[in-house]
Amino acid sequence: MSKNGKKFNVAIAGATGAVGGAMLDVLKRRDFPVNELRLLASKRSIGKKIAFNGKELEVQLLSTDAFEGIDIALFSAGAERSLNFAPAAVAAGAVVIDNSSAYRMDPEIPLVVPEVNPHAIAQHKKHGIIANPNCSTIQMLVALKPILDKVGIKRLVISTYQAVSGTGAKAIQELDQQVKDYAENKEMKASVYPYQIAFNCLPHIDSFLDNGYTKEEMKMVNETRKIFEDDQIGITATAVRVPVYYGHSESVNIETNTKITAAEVKELMVNAPGVKLVDDLNNLKYPLATDCAGKFETLVGRIREDDSIDNGINLWVVSDNILKGAALNAVQIAETFIADYK
C-alpha cells in the first residue's frame, strides 16, 4: 500500500461524528499504515477516549495548531470547519482529504472517486486539498464508469431514495421516535425534517434553489460533470429522503452514445472495481438497502434496457452512504495518494 512500508501520521477532524467513527473503522479494516492517529473534535468532545488498534486515544481540540507533524488529515466536520481549519492543516504539511461540500466545486481542487478518476489526485499539489464527493454521486459513478468507458454517456435521469443517516444522528433518532409514537398511537412530531419521515417520502433534500431543484440534486449534476470531465452530459435528478436508516438507493436511467445490451452491462459490472452485481430476478435477488449496511461494495442490479429510446439502460444502485458514500471513499483516496502520489 505505501512505498517502502512507510507509516503515516493521520488526523481525523470530526472524529466523534458518524462519519469520523466510520473513518476509524475503515482505517482498521483496511489496515491503513498508521503511525500516529490524532482524533480532533469540538470543545464538547475534548477528553473523550476512543479505542483504536488496542490503544485508548483521547480526543483533542480541533484548532489551527492541531496538525503539526500530520501527513494526512481526514476532514468530516462540516463545510464551515473545513474552510476554517483545512488551510491550517495544509500549512502544517498535511494533505487534506475533505468530506464536506466546501471545496468540491473549486476548479483548482480535485474531486475524486478512486475507481473513477484517481489521476485527478495529482492536482492536489496546488492547494494540498482533495475533495470527497457527495455520497449519492459517489455510488452512482462507481457503477457508471465502466459504461462510460465502453460506450459513452449522453444523458442521465436519476431518482434517489436516501437514508436518514445522511442527515445525521438526530435524524436517526427522529425516525426512531416517530415509529415508537406511531406504535403507541401518539402524535408524531417532526423537528429535523419539515414533515414526519416515518412511513413517508420527502422529495426534499437540502435547500431549494431558484431553478426549483435542491442543492442535493444539483450536487449530483455538477459533481458528475466535474469527475467525468464532461460538461456536455445531460443530467437531471430528483432526490428523495426515505424512512431507511442506512443505505442510499438510486434509480439511474442512462442514455448511452452507442448501443449496449443489458447482458453486456451485467458483464461490465461483474468486473468493475468496487461493484457487486446482485441481479438474479428468478430468485428475487436485487440490491437492498438492508443488505448494503457495513459493506464496502456498491450493489448494482435490475439492469435492463430502456425500450423507450434507442440507447437506454436502467440500473438500481445501492450503497452504504456512511462507508462508500463518505468514510471509505476518503480512506481509498488516502491509499491511492500514498501509493502513487506521495
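Structure's up top.
Read on for a plain summary of the structure. In this text, all values refer to a predicted model and were calculated from it rather than measured experimentally.

Another aspect to go through is the packing of helix α1 (residues 18-29) against helix α8 (residues 323-341). Closest axis-to-axis distance for the α1/α8 pair is 9 Å, and the angle between their directions is 50 degrees. One finds that α1 runs oblique with respect to α8. Along this stretch, α1 crosses α8, giving a crossing that reads as right-handed. Contact residues: α1 offers Val19, Ala22, Met23, Val26, Leu27 and Arg29, while α8 offers Leu323, Ala326, Ala327, Leu328, Ala330 and Val331. For the contact of α1 with α8, the residue count by class is eleven nonpolar, no polar and one charged.

Three or four residues apart is the spacing at which side chains of an α-helix point the same way, because the helix has 3.6 residues per turn. Taking 1.5 Å of rise per residue, the 15 residues of helix α4 (residues 169-183) would be expected to cover 21 Å, and the 22 Å separating its terminal C-alpha atoms lies within 8% of that figure. One or two steps after α4, the chain reaches Asn185, where phi turns positive at roughly 60 degrees.

Together, Val179, Tyr182, Phe199, Tyr245 and Tyr246 make up an exposed nonpolar region whose accessible area comes to about 500 Å². Inspection of the secondary structure assignment puts Tyr182 in helix α4.

A few words on the pairing of strand β4 (residues 55-58). Along any regular strand, the residues point their side chains to alternate faces of the sheet. Pairing analysis gives four bridges linking strand β3 (residues 49-52) to β4, with the strands arranged antiparallel. When the bridges of β4 are listed, Phe52 appears paired with Lys55. Counted along the chain from β3 to the antiparallel partner β4, the turn is two residues long, and its residue Asn53 has a positive phi close to 50 degrees.

With respect to the helices and strands, Asp291 occurs in helix α7 (residues 289-292). Accessibility expressed as a relative area gives 36% for Asp291, which makes it partly exposed. Asp291 sits 28 residues away from Ser319 along the chain, and the two C-alpha atoms are 8.9 Å apart.

How each quantity is defined
- Residues numbered from 1 in each chain as written.
- Predicted model: local features only at pLDDT ≥ 70, side-chain atom pairs only at ≥ 80, totals over all residues.
- Heavy atoms only, no water.
- Axes fitted to C-alpha atoms, helices over the stretch in contact; angles between N-to-C directions.
- Helix = DSSP H or I, 4+ residues; strand = E, 2+ residues; numbered from the N terminus.
- Parallel < 35°, antiparallel > 145°, perpendicular 65-115°, else oblique.
- Left-handed = near helix turned anticlockwise from the far one by under 90°.
- Contact = heavy atoms within 4.5 Å.
- Nonpolar A, V, L, I, M, F, W, Y, C, P; charged D, E, K, R; others polar.
- Expected span 1.5 Å × (residues − 1).
- Patch = residues over 30% accessible without salt bridge, like charges linked within 9 Å, V, L, I, M, F, W, Y side chains within 5 Å.
- Areas by Shrake-Rupley, 256 points an atom, 1.4 Å probe, with all protein chains shown as cover.
- Salt bridge = Lys/Arg side-chain N within 4 Å of Asp/Glu carboxyl O.
- Pairing = 2+ DSSP bridges.
- Buried < 20%, exposed > 50% of the residue type's maximum accessible area, 1.4 Å probe, protein only.

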